[in-house]
Amino acid sequence: MYLEIIGFIIVIMALRALITKNRSERLLYLNVIDFGISAIIALYINTPFALIIAATFFICSTISTNAIAYSLNRLNDEILVEK
């Protein structure tokens, strides 16, 4: 039952990520997808090693999402000089 609920949330967030035009909102949706995938890994495999895999995926996806958000924030702060 939990897997179906998490899968449904992931599908909704994927659709919202495709529809939205705002990059910061898209990053939030992608972060929810990453959290859901790590939860599915941990619940589906149901071994102690699955917890390690899910935690690794969760940490790596969070770091990558934060790096992308930081880069986009720096792009918004730049002053463009038109020629």
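Going by the structure above, here's the rest.
Residues numbered from 1 in each chain as written. Predicted model: local features only at pLDDT ≥ 70, side-chain atom pairs only at ≥ 80, totals over all residues. Heavy atoms only, no water.

A. Quick peek at the overall build of the protein chain. The helix and strand tally for the protein chain stands at 3 helices and 0 strands. Walking the protein chain from its N terminus toward its C terminus, one meets helices and strands in the order α-α-α. In summary, the protein chain has a C-alpha radius of gyration of 16 Å against a globular reference of 12 Å for 83 residues, an excess of more than 25%. Considered along the principal axes of its C-alpha atoms, the protein chain spans approximately 60 × 25 × 10 Å. Across the 83 residues of the protein chain, 20% fall into the buried class. (Helix = DSSP H or I, 4+ residues; strand = E, 2+ residues; numbered from the N terminus. Rg over C-alpha atoms; globule rule 2.2 N^0.38 Å. Buried < 20%, exposed > 50% of the residue type's maximum accessible area, 1.4 Å probe, protein only.)

B. The arrangement of the packing of aromatic side chains in detail. In total, this model carries 1 aromatic pair according to the counting rule given. Ring centres 4.9 Å apart and planes at 40 degrees place the aromatic pair Phe35 and Phe58 in the tilted group. Placement of the pair is Phe35 in helix H2 (residues 23-45) and Phe58 in helix H3 (residues 48-77), with a sequence separation of 23 residues. According to the relative accessible area criterion, Phe35 is partly exposed, its value standing at 33%. (Phe/Tyr/Trp six-rings, centres within 6.5 Å; stacked < 30°, edge-to-face > 60°.)

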